[in-house]
Amino acid sequence: MTAPSADLPPEQVAAPALEMRGITKRYPGVVANDGIDLEIKPGEIHALLGENGAGKSTLMNVLYGLAKPDEGQILLDGEVVDIADPTDAIDRGISMVHQHFMLVPVLTVADNVLLGKEAMRDRIFLDKGEAHRRIVELGERFGFDLDPDEKVGELSVGWQQRVEILKALYREARILVLDEPTAVLTPQETVEIFAVLRRLASEGHSIIFISHKLYEVLEIADRITVIRRGKVVGSRIPSETDEDDLAELMVGREVQLTVDRGESHPAEPILQVEDLCVAGGHGGDVVDGVSLEVRAGEILGVAGVAGNGHDELVEAITGLRQPRSGSITLDGEDVTSDGTRDLHGKNVAYVPADRHRFGLVLSFPLTDNAVLTDYYMEPYSHGLIRDEGAIAKRADEAIAQYDVRTPGATVTAGTLSGGNQQKLIVAREFDRELKLLVLDQPTRGLDVGSIEFIHKQVISKRDAGTAVLLVSAELDEVLELSDRIAVMYRGKIVTVVEGRTANKEEVGLLMATGGRAEGTSSEGAAS
């Protein structure tokens, strides 16, 4: 594969790989993109920053053919193009790597790479030999030591990310859009992915890097464009800016990037988990003898790479999955067999990692979603009669208090950006007296201003005496908020460290390997 400008006529060699000129996209009640200009050079890593609802996703949907602009032009290598749909975008060398991987776990690396772009011999037979050869060649070229016959479901998250990038390269992508590419990676995996991106850029690929991790943007980007409320509000060179400047540009005010968590004052245990075993989808235990304890007035963070049993542990604690053995106790009461409604009635709140599956009904309006866990209780219902006024009031309060960007409370939840969907869930779950607050990836996909606000709310809940269990793939989040940190690897708690003295590199290594890092203290079980 050659650099994007290699075969162009001399007069177009200096042309940007991509230009978006005056892109405007309107939806009922909102201007998502308002005359946006964006220019990406060949071989450039260009970061795109903005709050949730700022218009980043809409702009990328326009580029990828998922939305038609009301005004504006798209130019590739200096020529105006009309991108009809994603297939057209791919054919023109544009590829998008989504935050949630578009991979089929039961298929091999080669099968996933080939999906939709199968190499045919004589236009009749699938030429797997040629496809394997190209996959191996691309892998070697960019430092991917991937076995085409390995099942994707058996790969780590970091290597699945490489498969997504390999899919784009196989389709001869010249422009790659990466949406939160490090959201579920360990620090070590992030370093490795960054090396891949730099290699791609050095060979002429243009990369649009979307992230809320400002320190990563400063490390990897050549240029940065910031969008706020549908407009470009600034452009920066990393060497001439810092996190505080970028955060203020994104939000329009000064942002506290690290919340002062203060001193915790833990009291009696609220949540106690003893020797818990939970079976996974294939029958084996993905939670293997876990014991932990969360006390009133403390935050216990659980750190680990996705796929090591965190989801199943949280689902068992919140009543979504029945454990195979072991016990769960809430404030001295056995709740091992309790369902989600039972636990809600015992003052347990839950912010799920999968907001679409467990947090919202996307086809319902925001009014219904704001009371999804207590719609059957007063003041929202009186017997079988719903109080629409009380429900509407609750939704309006949640939208205002948590700055949910929406044209109104009657639109469906599915029309909101992912970050605004998350803010609605947090608003619903935090708004009552709690014994236990279970947070699973609570700020995934949120901007710095929203993260600041939610982190302050979490600290406030802790200081009010709530026991908080925080599960996050964002190691920085775990380190910033947790009073104690339990590291989970292959279904087990391998160590517990004090939050204030935890070392990022050591915890990251434990997350990735489960091995003991030199100098890391351990308390055994999380108690």
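Use the structure listed above.
1. Description of a nonpolar patch on the surface
Then, number 1: Nonpolar side chains collect at one region of the surface, where Val 104, Val 106 and Leu 115 lie side by side and expose about 230 Å² of accessible area between them.
Then, number 2: Within the secondary structure, Leu 115 sits in the loop between helix 3 (109-114) and strand 7 (120-121).

2. Digging into a negative patch on the surface
Then, number 1: A cluster of acidic residues, Glu 140, Asp 145, Asp 147 and Asp 149, forms a negative patch at the surface.
Then, number 2: Here Asp 145 is to be found in the loop between helix 4 (128-141) and helix 5 (157-170).
Then, number 3: The exposure class of Asp 145 is exposed, given its relative accessible area of 71%.

3. Details of the environment of Gly 65
Then, number 1: Of note, Gly 65 is situated in the loop between helix 1 (56-63) and strand 4 (71-76).
Then, number 2: Taking the C-alpha atoms as reference, Gly 65 lies 17 Å from Glu 79; in sequence the two are 14 residues apart.

4. Remarks on the sheet that holds strand 18 (residues 348-351)
Then, number 1: The six strands are arranged 18-21-22-15-23-24 in an open sheet whose pairing can be described as mixed. For this open sheet the edge positions go to strand 18 and strand 24 (492-498), each flanked by a neighbour on one side alone. Between one strand axis and the next, the sheet turns by 15 degrees as a mean value, whatever way the strands run.
Then, number 2: As judged from the six bridges shared by strand 23 (residues 484-489) and strand 24, these two strands associate in the antiparallel manner. Directly across from Ala 486, in strand 24, lies its bridge partner Val 496.

5. Overview of the packing of helix 14 (residues 418-430) against helix 15 (residues 448-463)
Then, number 1: Between helix 14 and helix 15, the shortest axis-to-axis distance is 12 Å and the interhelical angle comes to 15 degrees. Here helix 14 lies roughly parallel to helix 15, going by the angle between them. In terms of crossing hand, the pair formed by helix 14 and helix 15 is left-handed. Residues Lys 423, Val 426 and Phe 430 of helix 14 form the contact with helix 15, whose own contacting residues are Ser 450, Ile 454, Gln 457, Val 458 and Lys 461.
Then, number 2: Here the contact of helix 14 with helix 15 is built from residues that sort into four nonpolar, two polar and two charged.

6. As for the packing of aromatic side chains
Then, number 1: Following the criterion strictly, the structure yields three aromatic pairs and no others.
Then, number 2: Each ring, one from Tyr 375 and one from Tyr 376, has its centre 5.4 Å from the other, and the planes form 85 degrees; the classification is edge-to-face.
Then, number 3: Ring centres of Tyr 402 and Phe 453 lie 4.9 Å apart, and the angle between their planes is 90 degrees; this geometry places the pair in the edge-to-face category. Placement of the pair is Tyr 402 in the loop between helix 13 (388-401) and helix 14 and Phe 453 in helix 15, with a sequence separation of 51 residues.
Then, number 4: The ring of Tyr 170 has Arg 134 lying over it, and the distance from NZ or CZ to the ring centre is 4.2 Å.

7. Overview of helix 14
Since there are 3.6 residues in each turn of an α-helix, residues three or four apart along the chain are aligned in direction.
Then, number 1: The terminal C-alpha atoms of helix 14, which comprises 13 residues, lie 18 Å apart, in line with the 18 Å expected from a rise of 1.5 Å per residue.
Then, number 2: Burial analysis of helix 14 places twelve of its 13 residues in the buried class, which makes it a mostly covered element.
Then, number 3: Buried positions along helix 14 lie against strand 18, helix 11 (355-359), helix 12 (366-370), helix 13, strand 21 (436-440) and helix 15.

8. Quick notes on the nonpolar core
Then, number 1: Residues Leu 197 and Leu 200 are the most contacted members of the largest nonpolar core, which totals 60 residues.
Then, number 2: With seven residues, helix 5 is the largest single contributor of residues to this core.
Then, number 3: Ignoring anything within four residues of it in the chain, the contact list for Leu 197 reads Ile 45, Ile 165, Leu 178, Ile 207, Phe 209 and Ile 220.

9. Some points on the pairing of strand 6 (residues 94-97)
Then, number 1: Of the two faces of strand 6, the one holding Ile 94 and Met 96 and the one holding Ser 95 and Val 97 are both buried throughout.
Then, number 2: Where strand 6 and strand 9 (residues 175-179) come together, four bridges link them in parallel fashion. Across the sheet, Ser 95 pairs through a bridge with Leu 176, a residue of strand 9.

10. Focus: the pattern of salt bridges
Then, number 1: Following the criterion strictly, the structure yields 34 salt bridges and no others.
Then, number 2: Ionic pairing is found between Arg 198 and Glu 219, a salt bridge with its closest N-O pair at 3.7 Å. Remark: Glu 219 occurs in helix 7 (residues 214-220) and Arg 198 occurs in helix 6 (residues 187-202); sequence separation between them is 21 residues.
Then, number 3: Judged by relative accessible area, Arg 198 falls into the partly exposed class, the value being 39%.
Then, number 4: Between Glu 298 and Arg 295 there is a salt bridge, with its nearest N and O atoms 3.1 Å apart.
Then, number 5: Residue classification places Arg 295 among the partly exposed residues on the basis of a relative accessible area of 23%.
Then, number 6: The structure contains a network of salt bridges with shared partners spanning Glu 51, Asp 403 and Arg 405.

What counts and what doesn't
- Residues numbered from 1 in each chain as written.
- Predicted model: local features only at pLDDT ≥ 70, side-chain atom pairs only at ≥ 80, totals over all residues.
- Heavy atoms only, no water.
- Patch = residues over 30% accessible without salt bridge, like charges linked within 9 Å, V, L, I, M, F, W, Y side chains within 5 Å.
- Areas by Shrake-Rupley, 256 points an atom, 1.4 Å probe, with all protein chains shown as cover.
- Salt bridge = Lys/Arg side-chain N within 4 Å of Asp/Glu carboxyl O.
- Helix = DSSP H or I, 4+ residues; strand = E, 2+ residues; numbered from the N terminus.
- Lys, Arg positive; Asp, Glu negative; His and termini not counted.
- Charge placed at Lys NZ, Arg CZ, Asp CG, Glu CD.
- Buried < 20%, exposed > 50% of the residue type's maximum accessible area, 1.4 Å probe, protein only.
- Pairing = 2+ DSSP bridges.
- Axes fitted to C-alpha atoms, helices over the stretch in contact; angles between N-to-C directions.
- Parallel < 35°, antiparallel > 145°, perpendicular 65-115°, else oblique.
- Left-handed = near helix turned anticlockwise from the far one by under 90°.
- Contact = heavy atoms within 4.5 Å.
- Nonpolar A, V, L, I, M, F, W, Y, C, P; charged D, E, K, R; others polar.
- Phe/Tyr/Trp six-rings, centres within 6.5 Å; stacked < 30°, edge-to-face > 60°.
- Lys NZ or Arg CZ within 6 Å of the ring centre and 35° of its normal.
- Expected span 1.5 Å × (residues − 1).
- Core = buried A, V, L, I, M, F, W, Y, C linked by side-chain atoms within 4.5 Å.

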